[in-house]
Each structure stands twice: as structure tokens, then as C-alpha cells.
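Chains, contacts and geometry: an overview
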Amino acid sequence: MSTFPDDFVWGAATASYQVEGAVAEDGRGPSIWDTFAHTPGRILDGTNGDVADDHYHRYADDIRLLADLGLKAYRFSIAWPRVVPTGSGPANQAGLDFYRRLAETCLEHGVTPYATLYHWDLPQPLEDAGGWLVRDTAERFRDYAALTQTALSDVISHWMTLNEPWCSAFLGYGNGEHAPGRTEGADALKAVHHLLLGHGLALQEIKTTGNSVGIALNPAPVHPASTSDADRDAARRIDGLRNRIFLEPLLLGKYPQDVLEDTGTTQWFEQFDADLPVISGPLDFLGVNYYCPSTVAAPEGPISAPGRPTTQPGSENVVAVDTGLAKTQMGWPIQPSGLRDILQAINDLAPELPLYVTENGSAYPDELTADGTVEDVERQQYLEQHVAISAEVVAAGLPLKGYFAWTLLDNFEWAWGYSRRFGLVHVDYATQERTVKHSALWLKGFLAR
Ligand code: FCB
């Protein structure tokens, strides 16, 4: 059986727009996800986050559920448009009060709150003014971060600036699958830089309080489908865009030259030298959201592979290759050892840096049976395998400090709407009834032992 040190942190994660609902309450302003989800054709099942899990009103019950499982940490995100409804200007006290209540409820249950400042819900007025393609957004993010520190640093001592800036930049401004749904080609690299700058500026604000601060990335091992030069070059390019363009400025204070060349952005990036010391400010930890590895090829000639053509700059002519691994409902191949590989790769870059798995989980078409159970055998297996790898990583001496399951509750899975369930706890969206799944009961038993 896997063993962990006593101080290893066990938690579950959620994100504001995916669970809160109450989008027009207590002064919250609209975010890019409100706009996007309400645009016909953007969300697979035509749904939105207006109600979601109604976590805004049910948070106390949900935290009790989390604590009942034996989890000791809750990673949630703060909705920027609740705290600063238009993205700039003074704080909305009612928004801050909600997160104070949420954090205090965690503490009452012996659960440590881990707050993420940006899990993708950019205030719409900031998008209207250019979004992450303009520098001003990074500065507004700093102001927002500062407001949260003044108001909440006494009850929340663990902070993450951004969640998965890869998604914000490349799905938001590259292929348009996520809000704001723009397809800006190589300009998506501007979003990368402004997100990272926003991270660095927010980090400075959080540091002033003495609290612990990190960032949650979604790095993944990238393998070439064959040993051909073309496939290896495809893997280099995708590794650059997925991993190195974030890890190197954060950990080494430089952008990877090959990626800037691949994307034709070298000249544009020359102006940013002065930002790199801000971006590479000392992290207290790095969060890794891990779901699956990727295997890529660069076939000759026009791409005829099924699926969407890739519009990500620098990834021209690259296709994802199916290597025959079992997949989750998302179509994501299951390879638990990939978690070890990516944690090791990050540890090689920054040997002392504490690491957390800040998200890991799987979607399956769960069935709530008549007797009120969800026997999610596959999710349990996925969880067991990734927990086992985490134990191996700790045993190998890497500074892995915690594991957060994605996710506490079935929720609004972005462009997939409510059609994909990742929760440890099943949610009946018509009644808001919660049912603890078997995978969660396995976890509870494991933690009790
Ligand atoms: C991650 C996101 C999270 C959730 C999972 C499945 O990319 O951070 O909100 O959607 O994927």
C-alpha cells in the first residue's frame, strides 16, 4: 500500500465559474465565461454556469462533505468579477465577504483553504479593453491581487496566482475553444507574456503578507510518435508551447528562444527583458495539474487526421497520435507514470522547489443507481493509480507536498458543459442533490488508513 508522510496535504479542487452559480448576486459583474457560455454554439450542450452547483449558497454543506471524506485542504478559486466587478476600481465588499465566509468555514472544519486568484473568469470589461493581449490587464490583475491580500490574507495563507495559463492563452486566444473565443494566431503569445507578468506582479503583492504563493500549470510529457526527425521536431515544438514557455520564464527567468522562433515572435519579445525578473520572482511552490501525456507526429503533406486542425501558433502540421492507451470519457489517454515524468522534469529544473499535484482526475459517464450509489470503478482505479505514483515520487525523494483531486463536485466542464462528470461527489443538477461516489469512499478509506 502507498504510504505518505503525515504532513502530506490531501485536498480537492474546484473553480469559481464551474461551481458557484449566483452569477448576478451581490454585485458580481460579468466575466468572459458568462459571455462565452451564453453565445450559441460555444458550449457542447448549450448550457452555462448561471446556476452550476449553486456552491455560492451551498458552500458550507460542500465543505462539510469534503471534510467528511478526510480531506484537509480545499483548493477553490476566487472570481475576479465578484471582487472587482468591472475589473478595475474599488473592491466589492460583498464579494470579499463571500470568500471570507468560505475560508472561515474551511478553517472551522480543520480544512486549509488554498485560493487561486484566476481560474479563467476575466471581468468582461477588461476583455473589451483588449483582454490578455494587452499589458494593462496584467496591471489590473496586480491591483485585484492586492485587494484580496488586504481583505483575506489573515484567513487564507496559501495562494495560487493563475490556473493553467496555457488554456487561457492558447484555448482563449489561439484556437478559440475557451472564452473569450478568439483566434489570434501568434498573438496568443502576447497573452502568454501578459499572464505571466500578471502572475509576477500578483506574486509580489502576496509576498508582502508573508503568505505562501505559487502558480498552477498544466505541464505534460510530450513524446514523439516515432524517431523520425519530423516527429521529434513536432515533440520539441509542442513541449516548448505546452511546458517550456511557462516553466523557463518562471523558473529560469528566460523565454525559450526556439519557441519564439517557431512562432515568429522573437522581435516582439525583445521588449520584455525587464519583466523577466518580475515573472521569475521566487515561488513558494509550483502546482501541477496532470491528466495525461501527449504523443505527437508531423505527417508529411496536408493533415487528414480526424479531429480539428490545430491553430496553435508553432504547432502547424502537428497531430496528436493515439498510442492505444485506455482513455477517459474526455478521450484523454491514461498514463499514471506521466505524472512522475513531469514532476521529475520540473524537479530537474528547480531541485528545491516544493511541488503539489493541484489537479488530477477523470471523467466517466457515471450512473446514479436507484439505490442512490455511483459505482465509478474506473475513476477509482484512475485515482488509485495516480495516488500510487505520487507515493513513488515522494519515496524517490522529490519534494511533492500534496495532492488535490479534481474535483470535489461534478460541475460545468467549460466547453463540454455538464456533459462530463469529474466529481468525487455526484450532483443531480435538477435537484442539487449530492451523492458521494464510490471513488470518494475509496479515498476516504485510504486516508483513514
Ligand atoms: C483543467 C481545468 C479544470 C478542469 C479540468 C478537467 O484543465 O483547470 O478547471 O476543467 O481541466
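Residues numbered from 1 in each chain as written. Predicted model: local features only at pLDDT ≥ 70, side-chain atom pairs only at ≥ 80, totals over all residues. Heavy atoms only, no water.

You'll find the protein chain entered in an unreviewed UniProt entry as Beta-glucosidase, with Kribbella amoyensis given as the organism. According to its UniProt record, the protein chain has this under Catalytic activity (unreviewed entry): "Hydrolysis of terminal, non-reducing beta-D-glucosyl residues with release of beta-D-glucose." Listed under Sequence similarities (unreviewed entry) in UniProt, the entry text for the protein chain is "Belongs to the glycosyl hydrolase 1 family." (UniProt positions renumbered as here; feature names shortened; annotations may be inferred.)

1. As for the UniProt feature "active site" (unreviewed entry) in the protein chain
When the UniProt feature table is mapped onto this chain, "active site" (unreviewed entry) is found at Glu164 and Glu359. For the annotated residues, spread through 196 residues, the largest C-alpha to C-alpha distance comes to 10.5 Å, consistent with a single compact locus. With respect to the helices and strands, glutamate 164 occurs in the loop between β4 (158-163) and α8 (165-171). Those residues in contact with glutamate 164, other than ones at most four positions away along the chain, are Trp120, Ala216, Leu217, Asn218, Asn289, Tyr291 and Glu359. The topology assignment puts glutamate 359 in strand β10 (residues 355-359). Setting aside anything within four residues of it in sequence, one finds glutamate 359 in contact with Ala13, Arg75, His119, Asn163, Glu164, Val288, Asn289, Tyr290, Tyr291, Phe404 and Trp406. A distance of 3.1 Å separates the side chain of glutamate 359 from the side chain of arginine 75, its partner in a polar contact. (Helix = DSSP H or I, 4+ residues; strand = E, 2+ residues; numbered from the N terminus. Contact = heavy atoms within 4.5 Å. Polar contact = N/O pair within 3.5 Å; in protein donor to acceptor, adjacent residues only side chain to side chain.)

2. Looking at the site of the ligand
In the neighbourhood of the ligand, the contacting residues comprise Gln18, His119, Trp120, Asn163, Glu164, Tyr291, Glu359, Trp406, Glu413, Trp414 and Phe422. Between the ligand and histidine 119, the relevant distance is 2.8 Å, taken from an oxygen atom to a side-chain nitrogen or oxygen of the residue. Asparagine 163 is positioned such that a nitrogen or oxygen atom in its side chain is 2.9 Å from an oxygen atom of the ligand. Computed on the free molecule, the ligand has an accessible area of 290 Å², of which 95% lies beneath the protein chains in the complex. Looking at the shell around the ligand residue by residue, the class counts come to five nonpolar, three polar and three charged. (Near = heavy atom within 4 Å. Areas by Shrake-Rupley, 256 points an atom, 1.4 Å probe, with all protein chains shown as cover. Nonpolar A, V, L, I, M, F, W, Y, C, P; charged D, E, K, R; others polar.)

3. So, helix α16 (residues 438-448)
Every buried residue of α16 is accounted for by Ser439, Ala440, Trp442, Leu443 and Phe446. For α16, the buried positions fall inside an angular range of 155 degrees around the axis, keeping them on one side. Turning to α16, the residues buried within the fold contact β1 (9-13), α15 (377-395) and β13 (433-436). (Buried < 20%, exposed > 50% of the residue type's maximum accessible area, 1.4 Å probe, protein only. Arc of directions from axis to C-beta.)

4. What to know about the pattern of salt bridges
Pairing of side chains with opposite charge becomes possible as their charged atoms draw close. Tallying each qualifying case throughout the model produces 31 salt bridges. For arginine 434, the salt bridge goes to aspartate 62, with nearest N and O atoms at 3.0 Å. Of this pair, arginine 434 sits in strand β13 while aspartate 62 sits in helix α3 (residues 55-68); the two residues are 372 residues apart in sequence, bridging distant segments of the chain. Pair check on accessibility: arginine 434 and aspartate 62 agree, each one buried. (Salt bridge = Lys/Arg side-chain N within 4 Å of Asp/Glu carboxyl O.)

5. Considering the UniProt feature "binding site: substrate" (unreviewed entry) in the protein chain
In the numbering used here, UniProt assigns the feature "binding site: substrate" (unreviewed entry) to Gln18, His119, Asn163, Tyr291, Trp406, Glu413 and Trp414. Tracing the sequence through the fold places histidine 119 in the loop between β3 (112-118) and α6 (124-128). With relative accessibility at 2%, the residue histidine 119 sits in the buried group. Once residues within four sequence positions are removed from consideration, histidine 119 is found in contact with Thr14, Ala15, Gln18, Arg75, Ser77, Asn163, Glu359, Trp406 and Trp414. Of note, tyrosine 291 is situated in the loop between β7 (285-289) and β8 (294-297). Residue classification places tyrosine 291 among the buried positions, given a relative accessible area of 12%.

6. Remarks on the layout of surface pockets
Within this model, the second largest pocket holds a volume of roughly 330 Å³. Lining the second largest pocket are 15 residues, with Pro5, Asp6, Phe8, Trp10 and Leu447 positioned closest to its centre. Of all the secondary-structure elements, those providing two or more residues to the lining of the second largest pocket are β1, β3 and α16. Within the lining of the second largest pocket, the residues separate by chemical class into nine nonpolar, three polar and three charged. (1 Å grid on protein atoms, 1.4 Å probe; cavity = no way out; pocket = protein on both sides within 12 Å on 5 of 7 lines; lining within 4 Å. Points joined across faces, edges and corners; volume = space filled by probe spheres on them.)

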